[in-house]
2 protein chains.
Amino acid sequence: MMRTRPLKVALLGCGVVGSEVARIMTTQAADLAARIGAPVELAGVAVRRPDRVREGIAPELVTTDATALVKRGDLDVVVEVIGGIEPARTLITTAFAHGASVVSANKALIAQDGAALYAAAEEHGKDLYYEAAVAGAIPLIRPLRESLAGDKVNRVLGIVNGTTNFILDKMDSTGAGYQEALDEATALGYAEADPTADVEGFDAAAKAAILAGIAFHTRVRLDDVHREGMTEVTASDFASAREMGCTIKLLAICERAADGGSVTARVHPAMIPLTHPLASVRGAYNAVFVESEAAGQLMFYGPGAGGAPTASAVLGDLVAVCRNRLAGTTGPGESAYAALPVSPMGEVVTRYHISLDVADKPGVLAQVATVFAEHGVSIDTVRQQGKDGEASLVVVTHRASDAALGGTVDALRKLDTVRGVASIMRVEGE
Amino acid sequence: MMRTRPLKVALLGCGVVGSEVARIMTTQAADLAARIGAPVELAGVAVRRPDRVREGIAPELVTTDATALVKRGDLDVVVEVIGGIEPARTLITTAFAHGASVVSANKALIAQDGAALYAAAEEHGKDLYYEAAVAGAIPLIRPLRESLAGDKVNRVLGIVNGTTNFILDKMDSTGAGYQEALDEATALGYAEADPTADVEGFDAAAKAAILAGIAFHTRVRLDDVHREGMTEVTASDFASAREMGCTIKLLAICERAADGGSVTARVHPAMIPLTHPLASVRGAYNAVFVESEAAGQLMFYGPGAGGAPTASAVLGDLVAVCRNRLAGTTGPGESAYAALPVSPMGEVVTRYHISLDVADKPGVLAQVATVFAEHGVSIDTVRQQGKDGEASLVVVTHRASDAALGGTVDALRKLDTVRGVASIMRVEGE
């Protein structure tokens with residue numbers, strides 16, 4: 001049942017990802033046609049710099065006028081791989097208005113304006129797919145939206161930024177400090193010249209907002225995500241983690257509250273046991289751990305970035321959207337019916353590893369323990385180490401709210417016998 | 001846009017999986033309705049023993065006449081969780097003929113008769129979904145069929161049987177022998193009273209046939225899958241594996257030949273490096289590693305069996321099929337357009353670990369090495385150990401065809417100086 005009139009696809013952006021999408025559309029044309037039920041044709045490519053040589057793309061397809069391209073009116077699918085908020089947002093809504101469905105790899109835009117884009121897609125009866133926006137090639141959006149549609153997800157815990165995982169893995173395996181590991185990541189092309197979006201957790205926070213929204217069938221805005229970067233993780237933190245049988249990862253964590261009435265989303269470095277499947281995720285790989293009521297614990301692992309892996313996710317969406325168009329239907333739209341409130345970070349409950357520099361004299365431990373007790377934070381273990389009149393106390397707590405831990409730390413800082421709080425790190429994954 | 005007339009679902013079988021499906025359909029009814037766009041109603045449950053108490057299922061829904069149930073004509077979806085070939089096959093085709101789509105968890109039936117069932121579904125314009133048939137709760141069929149639809153899968157390497165993984169993990173971690181580990185698996189309910197289907201690899205072979213067909217867009221019959229069980233794996237094999245930095249897993253391996261013109265599918269125990277993500281899959285968990293051209297290496301991990309996990313996969317399919325019915329469409333059907341031949345086991349190329357008992361005298365190694373060379377099998381490493389006039393030789397080869405290795409072993413057995421071939425094991429995952 002092969003249709004002969006091709007489906008027309010426009011590509012917005014032709015950088016690392018876009019050029020791979022165009023290449024695979026050509027080299028795998030016969031396979032794509034067989035899987036869709038009709039051939040797909042590259043109908044136009046919008047770029048900023050038309051003078052750059054683009055191997056395998058007919059020059060007459062290339063244009064700098066992206067707006068005119070998406071307004072053509074004969075497009076079936078627009079693939080947006082420009083990134084950023086504008087002009088991507090306007091181009092996508094214009095594409096919907098002019099009859100095209102959209103496949104996007106734009107995490108920042110989906111995280112910030114996903115609801116408005118879904119609304120525009122629905123208004124015009126079109127599809128919005130964005131598997132590539134989270135964890136690159138790893139099938140994650142579709143499994144959450146479709147495979148687990150009959151289940152209740154309670155938790156998503158993931159390594160969703162390859163740059164920071166590369167840096168942390170390097171620090172763990174070589175004992176390097178943050179700057180040294182970052183320099184290596186930059187030299188190898190894993191980190192950008194300005195690594196802020198990665199190392200400060202902005203990239204991971206956008207992905208956490210998208211994942212939380214899909215997992216819990218609610219809307220989670222980027223501002224709802226608590227975000228801490230990993231620039232202050234030290235070699236000494238890794239030494240502490242090892243003593244705990246842990247390593248340190250930058251995690252995106254989305255949780256449903258125990259009473260089911262609210263959700264939280266956060267990004268921060270955390271200790272995680274070496275026995276946890278996420279602990280062995282090396283280099284620039286991504287992995288996302290999903291806990292649901294019926295399925296139990298699932299993990300999805302793979303390359304989180306890169307031209308070809310991201311193109312694989314884009315093309316999977318392209319096949320689905322093309323099939324939907326041939327069938328005259330659309331796939332699942334936004335599912336935000338649960339409309340759950342997002343609780344602030346203070347209500348997040350987890351465990352903590354706290355290193356204190358204290359005076360090396362009797363009674364300090366009793367004082368410190370009293371402060372924890374007064375704030376309702378129960379201590380699991382304490383380790384005391386003396387050295388030259390100074391001493392350090394390492395406290396690992398049972399589960400407590402972030403607000404209670406914050407109050408505890410404020411009070412500890414006021415103790416005469418506490419010289420400083422050397423580090424506070426959450427302990428996850430148990 | 002909620003439709004009020006409910007979609008009618010019939011359940012064939014109400015054992016461990018079926019009762020969980022019914023339970024979740026009740027407890028998560030509001031969520032399922034919101035995700036589908038219409039409520040779903042349990043319209044009938046066919047069982048063999050109607051006298052058993054079935055908590056939460058209205059007695060008037062229960063029938064022993066499965067045929068009459070699927071012929072009702074008002075059903076939207078039939079969920080088949082009986083297992084086995086008949087009566088499941090006839091009930092499914094009857095369901096299609098009477099207007100229902102089908103969700104099945106039946107690996108044996110899909111592996112044996114998938115093509116005929118797909119044809120019946122297509123003839124009547126209905127859906128056939130079976131995510132639960134392979135690797136329980138792990139989303140795998142949908143990612144392969146849909147997420148990777150724009151990519152080219154070259155290899156699927158998986159632990160798809162929880163019972164055997166539990167036994168092998170136990171042997172590895174405790175040094176237990178096969179029988180002792182099997183006894184523990186039986187006592188804990190991981191192995192059935194007759195464990196043949198699991199330990200002889202029949203269950204994994206059915207899953208390998210399904211995975212190969214979907215991954216390579218071709219038809220792979222159960223008979224096309226080379227199958228070796230794991231009952232002859234010994235504690236001594238695990239010791240050898242550890243010396244290689246490996247462990248032993250029962251693997252299902254589906255590969256596209258290097259020239260792309262054929263595929264192979266096989267199930268057998270194999271050594272796999274401890275650094276490979278599959279090596280750390282513990283207990284009864286399943287995991288499937290997928291290598292594709294653009295996405296690279298992906299892994300999907302989770303519980304491979306059990307009532308609730310399998311029900312999660314069934315319900316995800318149920319939501320998809322119900323959404324398709326509301327939209328008046330169907331999902332992807334069989335994709336076998338590639339029509340690639342399945343090569344016999346002799347053409348499979350991999351590495352081998354061979355232990356030989358040999359006479360402890362000069363020249364034996366030279367003789368053995370000559371036999372390998374004569375059969376075109378290149379040796380990577382040899383380790384020689386003498387003990388009391390006897391000696392053992394452990395040979396690890398480079399990549400060679402199964403046929404060449406078989407010829408080599410036959411010739412080795414004829415050498416006077418070779419007292420016996422203690423073990424032959426494939427080495428995978430590099």
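Our structure is the block above this text.
Values in this document were obtained by computation on a predicted structure and should not be read as measured data.

A. Structural detail: the interface of chain A and chain B. Counting residues at the interface gives 47 residues for chain A, matched by 46 residues for chain B. Overall, the association of chain A and chain B removes approximately 3800 Å² of surface from exposure, summing both partners, and the carbon and sulfur fraction of that is 54%. Counting across the interface, chain A meets chain B through two salt bridges. Linking B:Arg142 and A:Glu146 is a salt bridge whose minimum nitrogen-to-oxygen distance equals 3.7 Å. Applying the counting rule to chain A against chain B returns 18 residue pairs in polar contact (both at pLDDT 80 or more). Sorting the residues of the side of chain A that touches chain B by element identifies helix 2 (29–36), helix 6 (141–147), strand 12 (296–303) and helix 12 (307–327) of chain A as the ones contributing at least two each.

B. Up close: helix 1 (residues 16–27) of chain A. Residue and element names in this part refer to chain A. Across its twelve residues, helix 1 extends 17 Å between first and last C-alpha, which sits within 8% of the 16 Å expected from 1.5 Å per residue. Turning to helix 1, its buried residues number three or more, namely Val17, Gly18, Glu20, Val21, Ala22, Ile24 and Met25. Its buried side turned inward, helix 1 meets strand 1 (7–12), helix 2, strand 2 (40–46) and helix 12.

C. The pairing of strand 9 (residues 246–256) of chain B, seen in detail. All names here are of chain B. Most of strand 9 is tucked away, with eleven of its eleven residues classed as buried. Neither face of strand 9 is exposed, since Cys246, Ile248, Leu250, Ala252, Cys254 and Arg256 on one face and Thr247, Lys249, Leu251, Ile253 and Glu255 on the opposite face are all buried. Where strand 9 lies against strand 10 (residues 263–273), eleven bridges are found, and the strand directions are antiparallel. Across the sheet, Glu255 pairs through a bridge with Thr264, a residue of strand 10. Taken together, strand 9 and the strand that follows it, strand 10, pair antiparallel across an intervening segment of six residues, in which Gly260 is found at a positive phi of about 75 degrees.

D. Main features of the relation of the copies chain A and chain B. Of the transformation superimposing chain A on chain B, the axial component is 0.0 Å and the angular component is 180 degrees, with the fit at an RMSD of 0.0 Å. Considering both components of the superposition, the chain copies are consistent with a two-fold axis. Residue A:Phe300, judged by its C-alpha, is the member of chain A lying nearest the rotation axis, at 2.4 Å. Most of the interface of chain A is mirrored in chain B, where 98% of its interface residues are also at the interface.

What counts, and at which threshold
Residues numbered from 1 in each chain as written. Chains lettered and ligands numbered in written order. Predicted model: local features only at pLDDT ≥ 70, side-chain atom pairs only at ≥ 80, totals over all residues. Heavy atoms only, no water. Contact = heavy atoms within 4.5 Å. Buried area = accessible area lost by both parts, 1.4 Å probe. Salt bridge = Lys/Arg side-chain N within 4 Å of Asp/Glu carboxyl O. Polar contact = N/O pair within 3.5 Å; in protein donor to acceptor, adjacent residues only side chain to side chain. Helix = DSSP H or I, 4+ residues; strand = E, 2+ residues; numbered from the N terminus. Expected span 1.5 Å × (residues − 1). Buried < 20%, exposed > 50% of the residue type's maximum accessible area, 1.4 Å probe, protein only. Pairing = 2+ DSSP bridges. Least-squares fit on C-alpha atoms with pLDDT ≥ 70 in both.

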